[in-house]
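Architecture at a glance
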Amino acid sequence: MADVSVQVAVLGAGPGGYAAAFYAADLGMQVALVDEEKNPGGVCLYRGCIPSKALLHVAKVIDEARHANAWGVTFAEPAIDVDRLRAFKQGVVNKLTSGVGSVARLRKVTFVQGRATLTGPTSMSIAGAAGASTLRFEHLILATGSQPTRIPSLTLDSPRMLDSTSGLELPDIPKTLLVIGGGYIGLELGTVYATLGSKVSVVEMTSGLLPGADRDLVGVLEKRLKGLFSQIMLNTRVEKVAEEKNGIRVTFSSGESVFDRVLVAVGRRPNSTIPGLETTRVKVDAKGFVETDPQRRTAEPNIFAIGDVAGEPMLAHKASHEARVAVEAIAGHKAVFEPAAIPAVVFTDPELAWAGLTEAQAEAGGIEVEVAKFPWGAASRAITVDRPDGLTKLVLEPKTGRVLGVGVVGSGAGELIAEGVLAIEMGATADDLKLTIHPHPTLSETLMESAEVFFGQSTHVYKPRKK
Amino acid sequence: MTEFKVPELGENVESADVARVLVNVGDTIKKEQPVLELETDKATIEVPSSVAGVIREVKVKKGEKVQVGAVILTVDDSASGNGTAPASTAAAGAAAAKPADTRDKQTEEAPREAAPKEAAPQPAAAERPPDHKVLSMPQRPSGAGRGEAAEARQAPAPAEAAPPSPPQMRAERGPAAPASPSVRRLAREIGIDINQVQGSGAAGRISLDDVKEKARRVLSSVGSAAPSAAGAARARQLPDFQKWGDVDRQPWSSIRRSTSEHLSYAWNAIPHVTQFDKADVTVLEALRKAHKDRVEKAGGNLTVTAILVKVLATAVRQFPQFNASLDSERGEIVYKKYVNIGVAVDTDRGLLVPVIRDADRKNITEIAVEVNQLSARARDRKLTLDEMSGGGMSISNLGGIGGTYFTPIVNWPEVAILGVSRGATEPLWVPGPPAGPAGAFEPRLMLPLSLSYDHRVIDGADAIRFLRWVVEAIEQPFLLSLIG
């Protein structure tokens, strides 16, 4: 490839990087997007959000088919062809990544496949399949993402050891699987394997699953997971993993067991060891995140950083929002990254989602809040689909009823949370939610009814307001 | 007795060479005090102690290779009364962040906000039991915002070390101002701090108009032409006047304050030009004296001001752009079909500008009576806001006090103001008849006039035509009835 000069170069083509590249192109800039993969997509499309959601969809169908027995409709036990299942998942990934690739071409974004090494604040060399090339740029957006955290004591060179990447490759359906880490990656992948037929054990070092989410929400999910997983070990530490002939022997702080496979999902770390970064003034903090200002500008004024490499939370939608901020900053606008809420969704069954202030956070911060909850047992839509295991809650400012946080657990919570995020961003009050007509019968009514609970006026829950 | 161990040194750094040992057995050390210099292949790191007390044992020597987690010191911390769990406030494991060739010492402290106290005694690696009293560098905070793309923990942490930290950027700043993202963006773009804006909606919700109103007020109060300077336009620090002698401090009255805001805004918003001229009021003054008593009987005072109100009211009907306002937001000039003239009145509390309504439809006697009444009401503090609003053009007569010319500030949203100074008898060259003698100087009573106007609405040529018209109307009062 010939040497290229552009106004904006984007390093890393995940949902942050390609969003940045496309937006910059839309604003009329010449843009190059650099990634090691053949197409844009990043971890999210290749090894994260997208393939896991394809598999979780299959899991949900299997689960519902089994559950149909309770309604008098009985299917035979599913026969699972792992190769075809993997091919379906791969098809989803290919379709989306090639789609993003063609959108890049339509926008005339120069996509360069290869491994980049920065050679200064305005240039990089790229080693690609077709040889080396030089890319010069006026501005650079670092969007290099993150990778699974490796813990030496849990690292073993064995095909039986999986991380989120290899776990999504679906090598087989092991008889027994240990998931180390009770965060969302562990629970999502655990759900997939358990539904496909593995006996899944989850081990978590802390006292609860999904640290960060409110306990009442997690409680609803945990109740169902206890039926799905063969065991959930909390407050339990993995001391040692060792390979044996028949599997991996895992030593816990309380006993030991042998598993066919072990999936390590203990977190992710930013990809900030970018070759040649030291030729710039970009600073990396103690946690490995590239330091940026609210515009996502690094200490090198023409270099920006967005997404996982620029800080918590490591979420695709945060990255693509930051992408717009950084591009607008490059275009000279006064954009800053200042969301009132960034939603988090755990795609288990039931799904668990939250945004804004949590109850636990309010308590820890000494912030006075009022919490209004609506249990799905009173939601007609939840009853019609036989899934009353859900809860919608609002965290409200007591005086004004302003929505500060929203939490939802239940089937489809990931879609419902968007209304909560909008409410928080708009500075909406419980009154606003209450006075907005929600369609019946839908699960969205639970948000309206939670607001009614705040006023002691919920139609379907009798809970008079104290005071 | 507490052991101090080699803390986490950075990503993928398992061990380091001891470059220097900075303490000895028997030393009393404080928290944060550097005890060791470690050299990794990336940088030299000064390791500060996270404990305080007397050193009982130093377990490392210069030149040794030490593993992360190895014991460096044992410290008797009983002496320092340090009963609580020591907080891990060790130096940042910034080694990985630094280029390989910089071997400068890393003395930065760990960002404390990144290592909340309750998260402190955190095992450096997963295999350590949680109750083990190990002091290590703070690790990545656990559990922030699980969601789609990532899980935050590096190593599993004890339960109590997992502060709930959902994906919420404003946790430590309290809830953001109740305004939608688009309103927040407008505020940011025009340099208004959204948290300083008073919301007019339910529950204090801030609307687009609230932000605009705030911007308008900021502009008028600080008199800053550049909206982006709103934040920076705070008053400068005053010197200590007492240094040079006694001073007397009086409260800034609310009238003075609002006058000041109003004038600052007008001065900044309007590109002012001031035009000067003189009117020969010899005849007018004679007429004024002749008819004074009659007006006085009607309850008025036939002053130059009263006459000039009538002159102006007539003039603005010939020159409608002088009875206009600029709506820059809508890109329109508002021409008023009514003629209200403001009269600046000096009171002991400050400047007030009552308005004579429909001055074009009133005769001079009526105007004189009204000016009298309004001035009295102004001095008695009885003017209502209504009586001071709706002016089309104003007049400020300082002639009673003195002065020749001055540059009055246009009374926004008006676009012009006429300033009047003290009349004086001057020699005026009066040319003779075409066939007669050349002419002669005559003593004439001349009145200095100053016309300030908004140059965005009024051109200089128009301003001169207007002022000439006014001068001629004063010199030939007959014009008033002829044209007006």
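These numbers were taken from a predicted model, which means no experiment stands behind them.

Moving on: helix α7 (residues 215–228) of chain A. Across its 14 residues, α7 of chain A extends 19 Å between first and last C-alpha, which sits within 8% of the 20 Å expected from 1.5 Å per residue. Within the sequence span of α7 of chain A, burial applies to Leu-217, Val-218, Val-220, Leu-221, Glu-222 and Leu-225 of chain A.

Judged by nonpolar contacts, the single largest core of 148 residues is most densely connected at Ala-9, Val-10, Ala-20, Ala-21, Leu-33, Leu-142 and Ile-180 of chain A. In contact with Ala-9 of chain A, not counting residues within four places along its chain, are Ala-32, Val-34, Met-124, Leu-135, Phe-137 and Leu-140 of chain A. Grouped together as the second largest cluster of nonpolar side chains are 67 residues, Leu-284, Phe-322, Ala-416 and Ala-473 of chain B included.

Residue and element names in this part refer to chain A. A cis geometry characterises the amide bond from Glu-312 onward to Pro-313, with omega recorded as -15 degrees. Of the consecutive residues His-440 and Pro-441, the connecting peptide bond is found in the cis state with omega at -10 degrees. As for its placement among the helices and strands, Pro-441 is situated in the loop between α12 (430–435) and α13 (445–454). Phi at Asn-235 is positive, roughly 50 degrees, even though this residue is not glycine. In this structure, Asp-386 is a non-glycine residue whose phi angle is positive, near 60 degrees. Residue position: Asp-386 is located in the loop between α10 (380–384) and β21 (391–396).

Two faces belong to every sheet, and in a regular strand the side chains alternate between them. Residues and elements named next belong to chain A. Pairing of strand β12 (residues 238–244) with strand β13 (residues 247–252), which is carried by six bridges, proceeds in the antiparallel orientation. Looking across to β13, one finds that Glu-244 is bridged to Gly-247. Pairing analysis gives five bridges linking β13 to strand β14 (residues 255–259), with the strands arranged antiparallel. Along β14, the bridge assignment pairs Val-250 with Ser-257. If you look at the hairpin formed by β13 and β14, you'll find two residues sitting between the two strands.

Let us look at the environment of Glu-261 of chain B. All names here are of chain B. Counting through the fold element by element, Glu-261 comes out in helix α3 (residues 254–269). Exposure remark for Glu-261: the 16 C-beta atoms within 10 Å place this residue in the partly exposed category. Linking Glu-261 and Val-218, residues 43 residues apart in sequence, is a C-alpha distance of 9.3 Å.

Another point: the packing of helix α5 (residues 304–318) of chain B against helix α6 (residues 364–379) of chain B. Residues and elements named next belong to chain B. Closest axis-to-axis distance for the α5/α6 pair is 9 Å, and the angle between their directions is 125 degrees. Classed by the angle they form, the pair α5 and α6 counts as oblique. Crossing geometry of α5 relative to α6 is assigned as right-handed. Of the residues in α6, those in contact with Thr-305, Ala-306, Ile-307, Val-309 and Lys-310 of α5 are Ile-364, Ile-367, Ala-368 and Val-371.

Across the sheet, four strands lie side by side as β1-β8-β6-β3 (chain B); this open sheet has antiparallel pairing. The sheet is open, and its two borders are formed by β1 (2–5) and β3 (28–29) of chain B, each paired with just one other strand.

Glancing now at the environment of Leu-209 of chain A. Residue position: Leu-209 of chain A is located in the loop between β10 (199–203) and α7. In sequence terms Leu-209 of chain A and Leu-234 of chain A are 25 residues apart; their C-alpha atoms lie 7.8 Å from each other.

With that settled, consider the sheet that holds β14 of chain A. Residues and elements named next belong to chain A. Spatially, the three strands line up as an open sheet ordered β12-β13-β14, and their pairing is antiparallel. Since the sheet does not close on itself, it has two edges, and those belong to β12 and β14, each with one partner. Taking the axes of each pair of neighbouring strands and ignoring which way they run, one obtains an average angle of 20 degrees across the sheet.

Residues and elements named next belong to chain B. Of the residues in chain B, 74% have a pLDDT of 70 or more, and the chain-wide mean is 76. The secondary-structure element of chain B with the lowest mean pLDDT is strand β9 (residues 105–106), recorded at 40, while strand β18 (residues 416–420) shows the highest, at 96. Segment residues 80–173 is flagged for pLDDT under 50; beyond a separation of four residues in sequence, or across chains, it makes 273 contacts in the model. For this predicted complex, the interface confidence comes out at an ipTM of 0.73, alongside a pTM of 0.58.

A few words now on helix α8 (residues 316–330) of chain A. Residues and elements named next belong to chain A. In a regular helix each residue adds 1.5 Å, so 15 residues correspond to 21 Å; α8 covers 21 Å between its end C-alpha atoms and thus fits that length. Among the 15 residues that make up α8, 12 are buried, leaving the element largely enclosed by the rest of the structure. Of all the positions in α8, only Ala-316, His-317, Lys-318, Ala-319, Ser-320, Glu-322, Ala-323, Val-325, Ala-326, Val-327, Ala-329 and Ile-330 are classed as buried. On its buried face, α8 is in contact with β1 (4–11), α1 (17–26), α2 (42–47), α3 (49–67), β6 (131–142) and β17 (303–305). Positive backbone phi, at 95 degrees, marks Gly-332, one or two positions downstream of α8.

Reading guide: rules and limits
Residues numbered from 1 in each chain as written. Chains lettered and ligands numbered in written order. Predicted model: local features only at pLDDT ≥ 70, side-chain atom pairs only at ≥ 80, totals over all residues. Helix = DSSP H or I, 4+ residues; strand = E, 2+ residues; numbered from the N terminus. Expected span 1.5 Å × (residues − 1). Buried ≥ 20, exposed ≤ 12 C-beta atoms within 10 Å, placed from the backbone. Core = buried A, V, L, I, M, F, W, Y, C linked by C-beta atoms within 7 Å. Contact = placed C-beta atoms within 7 Å. Pairing = 2+ DSSP bridges. Axes fitted to C-alpha atoms, helices over the stretch in contact; angles between N-to-C directions. Parallel < 35°, antiparallel > 145°, perpendicular 65-115°, else oblique. Left-handed = near helix turned anticlockwise from the far one by under 90°. pLDDT = per-residue confidence, 0-100.

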